[in-house]
2 protein chains.
Amino acid sequence: MPGALPPVLRIDDPADPRIAGFVSIKERDLTGRQGRFIAEGTVVLRMLAAAHETGRGFAAEALLLLENRLEGVGDILRRFPPDVPVYVANAQVFDAIAGFNMHRGVLALGRREGEPDRDALIASLPASSLVLAACGISNHDNMGALFRNAAAFGVDAVLMDETSCDPMYRKAIRVSVGSVLTVPFAREGSVAVMLQQLQDAGFAIWGLSPAGTIDIGAIPAAQRTALLMGTEGEGLPQSVMTAIQTARIRQRPGLDSLNVSTAAGIALHQVALINGRI
Amino acid sequence: MPGALPPVLRIDDPADPRIAGFVSIKERDLTGRQGRFIAEGTVVLRMLAAAHETGRGFAAEALLLLENRLEGVGDILRRFPPDVPVYVANAQVFDAIAGFNMHRGVLALGRREGEPDRDALIASLPASSLVLAACGISNHDNMGALFRNAAAFGVDAVLMDETSCDPMYRKAIRVSVGSVLTVPFAREGSVAVMLQQLQDAGFAIWGLSPAGTIDIGAIPAAQRTALLMGTEGEGLPQSVMTAIQTARIRQRPGLDSLNVSTAAGIALHQVALINGRI
C-alpha cells in the first residue's frame, strides 16, 4: 500500500555532501561504483520502486529530482521506504551536480544487494523457460537493448559470460527502460561452462549467427529454450558454433549483419511465438 | 577499376585551414552543415566510395586519416576520384582536430548533391517493392538503426515526413553502418500526403502499433507493401491509425513497447519473408 509522501530536502549547493553520490555521474561511469547504480527517468524510477517492493535485490539509497518534476512523480515516491531521502534542486543546481543535462530531471542512486548466482538462478527457473544467453557483449547500449527485448518477449533469465559488460551501468539501465531491474540475470564465468549448465538443465540451446544452419522460423518448440548471442563484431566463436545447434535470420546477402539486439529481438519474437509465450 | 593511391597530405597543425571541415565535428552536429556530412569508420568509407562510383548523389570532399590507418584503407582510397584530398595526422593532431576520439581514425567529409524528391523516388520504384515509411522519428540512433534494418531486409526506399530527423547526421550515418548511403530515401512534407502518394502508387500500407488490429504474421503478401512507423514516444497519431490498416507485434502485456527500430526490424523481417524478398 502506498505510504505518505516522504519529506523533501532542498539542495542549493552542488557540493552538498548529502548528494555526493550524484556528482558527475557521467565521468563516474568510467571508474565503477562498487555495487551502486544510477537510474534515470520516471519509467525507470517506477521500476526501481517495484523492485524495492518485491525484493529483487535492488534498493534505492537516495533520489534527486528537478523541482518541477516533484509533483509528477509523487505516486512513485510514496512506494519507497520512508528512510530513502528525496532531494530536490533547481535546474542550475541539478545540472551542476549531475554534470550533464540528459537526466530528464529524475535520478535515483541505487544499490545492488549482492551478485546474483548463476547456479541458483538456473535452478529457480520454471519448467517451461526461455533464456537469453550472451557472450562478449561489450557495448552498454546493446546490453540495455537486449534486456528491453528480453522483457518484451517474456524471457525468464538473461545469462552472460564474464566478458560481457555490466547491465547495471547507467546507460544500459536507461536503454533497457529499467528492464535490468525486472528480468533476473547473472554474469559470470566462461561461455563454455554456461552452456554446459544450460544443457544439464535440459535447455535446447540455439546459437544465433548469419552462418546458422537453419532459419529461426524452423527452431522447434521446446519446454526450455536458450538463445545464445555472440559479440557485436565477431559473433559466436567457432568452438561454440560447432558445439551447439545454430540458426540464422534471413537477410539480404553482402551486408554487415544486423545489430545484436535487433537480431535478438527478431529471434526472441520468433521463439516466443513458437513456444506460445506471447 | 581502382586507380592509383592518391597523394597523401600530412597535417601537423590542427588549425590548418585545409582540414577546417573536420574541426570539432561533434559540436558542429548541433548547428547543421549545409549539405555536408561526416562519415566515420572503414565500413562507411567503403560505402561512400561505392556511392561515389554509382552516382547516388553523395560525393566525398576530403578524407582525414590517422596515420596508422592509412595502409589498411589503401584499396578504398583508390576508388575515390584523384582530386579528393587525403589528409593524415598523428593521434594527437587528429584528436585535436575532431575534438573527440570516437572516430576510429577514419573520417570523410561528404557532400549531398541536392535533396531527393519523393515524387521522383516513388515513381522510380520497381513493380515489386517494399517501402519503410516513418513519421516523427526524432532520435538519430533510431534513424540510423532503421536504415540498417531497411538494408538488411531489402527495403527499396525509406520515406520520412518533415518532422523526422535528418539521416545524414553524423551519428545516424554511423549507426546505419553506412546504409543511408545505399538505401534511397526522401524526407519531406506531411505524413498524410506521403500516405496518399503511396496509396496512389498501389502500396498496401500497414501501420505498426501495439494497438494494431492483426498480428504482423497475418499481413498478406502484396506486390507493393509499405510499413509505417510512428514516433518513439507516442507512436502513430490516431488520425493515421484510423486511415490505414494496422498490425502489432505480439509481446508481453504491461510493458513499454519495443524500441522503434527493433520493432521495424521484426516487422520488416516478417514482411520480407512473406513477400519472398529474403
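Placed above this text is the structure.
Attention in this report is confined to the structure presented alongside it. What you see is a predicted model, and the numbers here were worked out from it, not measured in a lab. (Residues numbered from 1 in each chain as written. Chains lettered and ligands numbered in written order. Predicted model: local features only at pLDDT ≥ 70, side-chain atom pairs only at ≥ 80, totals over all residues. Heavy atoms only, no water.)

**Some remarks on the sheet that holds strand β6 (residues 129-134) of chain B**
Residue and element names in this part refer to chain B.
- Taking strand neighbours across the sheet as the criterion, the seven strands line up as β8-β7-β6-β11-β9-β12-β10 in an open arrangement whose pairing is parallel. Looking at the sheet topology across the chains shown, the edges are occupied by β8 (185-187) and β10 (214-215).
- Two strands pair when backbone bridges link them, and strand β7 (residues 157-160) and β8 are joined in this way by three bridges, in the parallel orientation. Across the sheet, the residue bridging to Met160 is Arg187, located in β8.
- Packing against the sheet, helix α6 (residues 140-152) makes contact with β6, β7 and β8, and its axis sits at approximately 150 degrees to β7. (Pairing = 2+ DSSP bridges. Helix = DSSP H or I, 4+ residues; strand = E, 2+ residues; numbered from the N terminus. Contact = heavy atoms within 4.5 Å. Axes fitted to C-alpha atoms, helices over the stretch in contact; angles between N-to-C directions.)

**Focus on the packing of aromatic side chains**
- All told, the structure shown has four aromatic pairs over all chains when counted by the stated rule.
- With centroids separated by 5.5 Å and ring planes inclined at 85 degrees, the aromatic side chains of Phe147 of chain A and Phe185 of chain A adopt a geometry described as edge-to-face. One end of the pair, Phe147 of chain A, is in helix α6 (residues 140-152); the other, Phe185 of chain A, is in strand β8 (residues 185-187), and 38 residues separate them in sequence.
- Measuring from ring centre to ring centre gives 5.8 Å for Phe37 of chain B and Phe58 of chain B, while their planes differ by 90 degrees; the resulting arrangement is edge-to-face. Separated by 21 residues along the polypeptide, Phe37 of chain B in strand β2 (residues 36-40) and Phe58 of chain B in strand β3 (residues 58-66) bring together distant segments of the chain.
- What makes Phe37 of chain B buried here is its relative accessible area of 1%. (Phe/Tyr/Trp six-rings, centres within 6.5 Å; stacked < 30°, edge-to-face > 60°. Buried < 20%, exposed > 50% of the residue type's maximum accessible area, 1.4 Å probe, protein only.)

**Digging into helix α10 (residues 260-274) of chain B**
Residue and element names in this part refer to chain B.
- The end-to-end C-alpha distance of α10 is 21 Å, a good match for the 21 Å that 15 residues give at a rise of 1.5 Å each.
- In terms of burial, α10 is largely enclosed, as 13 of its 15 residues are buried.
- One or two positions beyond α10, positive phi appears at Gly276, with a value near 65 degrees. (Expected span 1.5 Å × (residues − 1).)

**Remarks on unusual backbone geometry**
All names here are of chain A.
- Positive phi values are uncommon outside glycine, yet Val177 reaches one of about 50 degrees.
- Along the polypeptide, Val177 turns up in the loop between α7 (170-175) and β8.
- Among the residues examined, Val177 registers a relative accessible area of 14% and is labelled buried.

**Regarding the side chain of Asn149 of chain B**
- One can find Asn149 of chain B in helix α6.
- On the accessibility criterion, Asn149 of chain B (1% relative accessible area) is buried.
- Leave out the neighbours within four places in its chain, and Asn149 of chain B touches Leu258 and Thr262 of chain A together with Ser261, Gly265 and Leu268 of chain B.

**Observations regarding the packing of α6 of chain B against α10 of chain B**
Residue and element names in this part refer to chain B.
- It is the contact of α6 with α10, at a shortest axis distance of 8 Å, that shows an interaxial angle of 15 degrees. Between α6 and α10, the interaxial angle falls into the category roughly parallel. Here α6 and α10 pass one another in a crossing that is right-handed. Contacts from Asn142, Ala145, Leu146, Asn149 and Ala150 of α6 reach α10 at Val260, Ser261, Ala264, Gly265 and Leu268. (Parallel < 35°, antiparallel > 145°, perpendicular 65-115°, else oblique. Left-handed = near helix turned anticlockwise from the far one by under 90°.)

**Considering the pairing of strand β6 (residues 129-134) of chain A**
All names here are of chain A.
- Burial of β6 is extensive: six of the six residues sit out of reach of the surface.
- Where burial is concerned, the two faces of β6 agree: the one with Ser129, Val131 and Ala133 and the one with Leu130, Leu132 and Ala134 are both buried.
- Pairing of β6 with strand β11 (residues 224-229), which is carried by six bridges, proceeds in the parallel orientation. Residue Leu132 lies in a different strand from β11, and its bridge partner there is Leu227.
- The pairing of β6 with strand β7 (residues 157-160) spans four bridges and is classified as parallel. Across the sheet, Val131 pairs through a bridge with Ala157, a residue of β7.
- For the handedness criterion, the β-α-β arrangement of β6, α6 and β7 is classed as right-handed. (Right-handed = clockwise from strand over helix to strand, strands pointing away.)

**What about the relation of the copies chain A and chain B?**
- Superposing chain A onto chain B requires a rotation of 180 degrees together with a translation of 0.0 Å along the rotation axis, leaving an RMSD of 0.0 Å. The symmetry that links the two subunits is that of a two-fold axis.
- When the interface residues of chain A are mapped onto chain B, 100% of them again fall at the interface, so both copies present the same face. (Least-squares fit on C-alpha atoms with pLDDT ≥ 70 in both.)

**Digging into the nonpolar core**
- Counting residues in each nonpolar core, the largest one holds 122 residues, and the members touching the most others are Leu181 of chain A together with Leu181 of chain B.
- Beyond its immediate chain neighbours, meaning those up to four positions away, Leu181 of chain A contacts Phe37, Val44, Met47, Leu48, Ala51, Arg56, Phe58 and Met168 of chain A. (Core = buried A, V, L, I, M, F, W, Y, C linked by side-chain atoms within 4.5 Å.)

**Structural notes on the interface of chain A and chain B**
- Taken together, the contact pairs 24 residues of chain A with 24 residues of chain B.
- When chain A packs against chain B, the two sides together hide about 2,300 Å² of surface, and 57% of this comes from carbon and sulfur.
- On the chain A side of the interface with chain B, the three residues burying the most area are Arg148, Arg250 and Arg252 of chain A, jointly 24% of the side's total.
- The interface formed by chain A and chain B includes zero salt bridges.
- Here the element with the most residues in the side of chain A that touches chain B is helix α10 (residues 260-274) of chain A; it accounts for five residues.
- For the side of chain A that touches chain B, the per-class residue count stands at eleven nonpolar, eight polar and five charged. (Buried area = accessible area lost by both parts, 1.4 Å probe. Salt bridge = Lys/Arg side-chain N within 4 Å of Asp/Glu carboxyl O. Nonpolar A, V, L, I, M, F, W, Y, C, P; charged D, E, K, R; others polar.)

Just geometry here; none of it tells us what the structure is for.
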